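Residue-level structure breakdown
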Amino acid sequence: MNQSQFKRRAVALVAAALVMLVGVGCVAPAAPVQDGAAAAPATLVVASHDSFAVSEEVVAAFEAANNARVQFLALGDAGAALNKLILSKQAPLADVFFGVDNTFLSRALAADIFAPYASPLLAQVPAEAQLDAENRLLPVDTGYVTLNADRAWFAERNLPLPATLEDLIDPAYKDLLVVENPATSSPGLAFLMATIAHFGEDDWQAYWAALHANGALVVEGWSQAYYEQFTVGSGGTGGRPLVVSYTTSPPADMLFATDGRTEPGSVNVNLDGGVFRQIEFVGILKGTKQQALAERWVDFMLDTQFQNDIPLQMFVYPLNARATLPPAFAEFAPQPESAVEVASATIEANREAWLQAWSEIMLR
Amino acid sequence: MHPVTRIVRGTIVLFPLLFLAIFFVYPLAAILRLSLAPEGVPALQPVWEAARSGAVWRILWFTTWQALASTALTMALGLPLAAIFARYTFPGKSALRALTTIPFVMPTVVVGAAFTTLIGPTGIINNWLRGGLGLAEPPIQLMNTIWIILLAHAFYNVSVVVRTVGGFWEALNPALGEAGQVLGAHGLRLFRTVTLPLLMPSITAAGMLVFLFCFTSFGVILILGGLRFATLEVEIYRQAVNLFNLPVAAFLSLLQMVITFAVMAVYTRVQARASLPLEMRPRAHAPCHSGKLLHRIVVGALLLVMVLLLVAPLLALAWRSFTLGGHFTLDYYRELAVNRRQSAFFAPPVTAIRNSLIYASAATLLSLLLGVSGAYVLARPRTLATAILDPLFLLPLGTSAVTLGLGYIVAMGAWRTSLWLVPVAHTMIATPFVVRTFLPALRSLDPHLREAAAVLGAGPLRTWWEVDMPVLRRALLVSAAFAFTISLGEFGATLLINRPDRPTMPMVIYRALGQPGMLNYGQALAMSTILMVVCMVALLLIERFRLPGEEF
């Protein structure tokens, strides 16, 4: 290769590298539009956790009505997302945050990152869900952690579905239940807290020791429990016909089936003291430069269009009294009549000690 | 020195240092400061309490010994495989080598599912053994034991050994071995006295990388280890995310980094001393063709068993993606392209593949630039500066991802939500691999060749291009393959900084696994299978890549 050939190749290589860099640059967002041109839509940044979901047309409706663009951020699981917002208090990551639940409520309020906003739509939301009197966090949806059972499995063996928490420690139900590790999984923690509230500080440990002795299996998270261990979720390869999951899992089992089933393979087993209610909140972050737009987004989340979209997007229940539930929910996932609720200050104060005690029992 | 040369040299030194300073040192310092001294005053009471309780030290002890044991197991499985790939030619070699790398890119949730499907209590092997032997209890009980952790670590990291050691081995000058043979050394003795010492730099480099991976292990420990086991990284996550106890999380991160740095400092010192110019070959020389049938059968059988061990769990998953629910179906692949819920965050598989490929290309380019210039800095005669820089280049791999992620949130200002951060974070993880695979090859370059080129009138750039590059090509390709696969499979950091409307393949898998229903589970399996195929194709293409002017 002579000198000029060498140069030409070197230039070609550098050019190729530049093209790649520019190509990647195209993915980077355009710089946010500063106020200036009146017609340019304002950008609202909405932060949430990984499970947040919404329909395209619902977002489009908000954007069109408010001449705005909504940018979503997913910041990890509910706990991680909240911690990040607290850490970035000085320069907020977003204008609005959705996804503080009642187990993290006191941590969120203590960090003083949300500004109060008394949305007029709150009149359509049940008062018992409005846990923050100052309206810094406004309730959007609710869900229930409960047991799911494999209907066919129990029917084939002529074994009745468990009727009380005590049934789960009966030898007839040995090796049937799989639960999530409460240290790493939110349904796992919810179920543990339900049993603590039900049995009380003095007796819950004895109950869990008995569950452990009766073969309750602990796995890391919901996916491992539901898809690897639960007989319905795993398509038959798992060995556990009882799982800690959500009341909305049965309708999902039917809606996302491949065999056209018209009835879910699983059924909710709502035991007294075995159902935990979660409520999720939205709040406007202090320091936002889009206060008016952020308020309209909060109103929008509480209004019927967004609320009607909630069930089939996030598989939880809307809180607005005027919202309607899809038929599959009404038929296979009615809201439980009673559910355990634990004050978030109690949770924050005891979480570490409960988890410590629980691990010691389960490791015995 | 010519001014242009000086500018080029200056850039080579400054670029990696600046990158490390901006994307590693600065965010890390910011989060550590905020955690340990929230109001500007050190608040060390919780740290003191944690340090005095035995728990931290027990976790540290477990972290260290499981990493050592995992590294030993990985080396024991990886070295024979590396030897076969380096010394023999056989049909389908590149395809098999690419296969051994696939575990490396699979997200832990998927590998967890694969292991449960294969060797769980109601998994394929246990059911088969129970049926065949008429046993009441599943004979293989590995779940939630230390063995499954070691096995999973080996499963992930064997390809690191195969690629680093195998790549180096292939390029060794066969004349050295032949000289040994002439001098009367054969078989094991030849290996022990000639080949092994020559390979040592790449073996220790591979060992170090594997050790670091296992030392900071997170997903494997949580998902497969169960309640009994916690590494420092798991404890950092628990403290930072669950308990929001930032001082203790920061203390543990520092502890993890100090240990990593100390181990790396010792290693890089030994490594720098041990290396010598070796006259590497520009391309693989004609490897052994053993005429003996028996020899061939043994090598072939060994290869087959090893590859099967590595690939079987993943094949089990791929199989399920077509058969979930009892009969053969393509439904799950079709469903990937359907936005059934009209979700605003839906991405058809082609888009997810494109997102993944764009990020991976950018990360590969960046980490090659960084890693290669970094390796050139480190290959210079040893001074105090290189003695510090050498372990520093490895440090990102031994740093808590949770902590660094929080550091980005605190320190990155307006960049925090920029899509650019995704390839930057991947580059952070991939660069140590590039440095470590490139450096042994670079150090073994014979300086006489460059001097000869200079005497013959070649400028520094041309010397680099025509003398260094052909010899280093193999190391460069191995580095590129590492960087690309790391980015393709990276999941933890991506999830923290990527946008929900730009999902990568691992993000699509994770999302599908978060919702009940057979179609969702099937989609996760289908996307995992697609990820395997994309990874395989990309690796084969990288292996085929030729520098302009190369003739084959």
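Residues numbered from 1 in each chain as written. Chains lettered and ligands numbered in written order. Predicted model: local features only at pLDDT ≥ 70, side-chain atom pairs only at ≥ 80, totals over all residues.

1. A closer look at the overall build of chain A
Assigned secondary structure in chain A consists of 12 helices and 11 strands. Relative to its full complement of 364 residues, chain A shows a buried share of 48%. (Helix = DSSP H or I, 4+ residues; strand = E, 2+ residues; numbered from the N terminus. Buried ≥ 20, exposed ≤ 12 C-beta atoms within 10 Å, placed from the backbone.)

2. Topic: the overall build of chain B
Scanning chain B from terminus to terminus reveals 23 helices and zero strands. Its C-alpha radius of gyration of 24 Å places chain B within 12% of the 24 Å reference for a compact globule of 552 residues. Based on the C-alpha atoms only, the size of chain B along its principal axes is roughly 70 × 70 × 50 Å. Among the 552 residues that make up chain B, the fraction classed as buried is 50%. The long-range share in chain B, meaning contacts at least 24 apart out of those at least 6 apart in sequence, stands at 81%. (Rg over C-alpha atoms; globule rule 2.2 N^0.38 Å. Contact = placed C-beta atoms within 7 Å.)

3. Brief notes about unusual backbone geometry
Residue and element names in this part refer to chain A. Backbone geometry at N135 places phi at a positive 60 degrees, although glycine is not the residue there. Counting through the fold element by element, N135 comes out in the loop between strand 4 (114–115) and strand 5 (138–150). The partly exposed category is assigned to N135, around which 17 C-beta atoms lie within 10 Å. A positive phi angle, close to 60 degrees, is found at D175, a residue other than glycine. Locating D175 in the fold gives a position in the loop between helix 5 (151–156) and strand 6 (177–180). Judged by C-beta crowding, with 15 C-beta atoms within 10 Å, D175 ranks as partly exposed.

4. Regarding the packing of helix 4 (residues 93–105) of chain B against helix 20 (residues 460–489) of chain B
Residues and elements named next belong to chain B. The interhelical angle for the contact between helix 4 and helix 20, taken along N-to-C directions, is 40 degrees, at an axis separation of 8 Å. When the axes of helix 4 and helix 20 are compared, the pair comes out oblique. By crossing handedness, the relation of helix 4 to helix 20 is classed as right-handed. Contact residues: helix 4 offers T101, F104 and V105, while helix 20 offers T485, L488 and G489. (Axes fitted to C-alpha atoms, helices over the stretch in contact; angles between N-to-C directions. Parallel < 35°, antiparallel > 145°, perpendicular 65-115°, else oblique. Left-handed = near helix turned anticlockwise from the far one by under 90°.)

5. Things to note about the domain arrangement of chain A
All names here are of chain A. For chain A, the assigned domains are domain 1 (42–142 + 278–332) and domain 2 (144–276 + 336–363). If you average the C-alpha positions of domain 1 and of domain 2, the two centres end up 28 Å apart. With 13 residues of domain 1 in contact, the opposing surface of domain 2 contributes 17 residues. Where the side of domain 1 that touches domain 2 is concerned, the elements lending two or more residues are helix 4 (105–110) and helix 11 (327–332). (Domains from an automatic or database assignment.)

6. Some details on the interface of chain A and chain B
Tallying the contact residues gives 61 residues for chain A and 60 residues for chain B. Every element with two or more residues in the side of chain A that touches chain B is listed here: helix 1 (3–25), helix 2 (56–66), strand 2 (68–74), helix 3 (78–87), helix 7 (222–229), helix 8 (249–255), helix 10 (304–314) and helix 12 (344–363) of chain A. No other element matches helix 1 of chain A, which puts six residues into the side of chain A that touches chain B. Grouping the constituent residues of the side of chain A that touches chain B by class yields 30 nonpolar, 20 polar and 11 charged. (Nonpolar A, V, L, I, M, F, W, Y, C, P; charged D, E, K, R; others polar.)

7. Focus: the pairing of strand 8 (residues 242–246) of chain A
All names here are of chain A. Extensive coverage of strand 8 is indicated by the burial of five of its five residues. With two bridges connecting them, strand 6 and strand 8 associate as parallel partners. Residue pairing in the sheet places L177 in a bridge with L242 of strand 8. (Pairing = 2+ DSSP bridges.)

8. Overview of helix 18 (residues 421–443) of chain B
Residues and elements named next belong to chain B. Here helix 18 is 23 residues long and its end C-alpha atoms lie 32 Å apart, about the 33 Å a rise of 1.5 Å per residue gives. Maximal helix bending in helix 18 amounts to about 35 degrees, located at I429; proline P432 follows within four positions. Along helix 18, 22 of the 23 residues are buried, which leaves the element largely enclosed by surrounding structure. (Expected span 1.5 Å × (residues − 1). Bend = angle between axes of the 7 residues up to and from the residue.)

9. Describing helix 13 (residues 293–323) of chain B
Residues and elements named next belong to chain B. The first and last C-alpha atoms of helix 13 sit only 40 Å apart over 31 residues, clearly below the 45 Å expected at 1.5 Å per residue. Among the residues of helix 13, L310, P313, L314, L317, R320 and S321 are the ones counted as buried. Where helix 13 is buried, its residues meet helix 4, helix 5 (108–119), helix 7 (146–170), helix 14 (331–336) and helix 23 (518–544).

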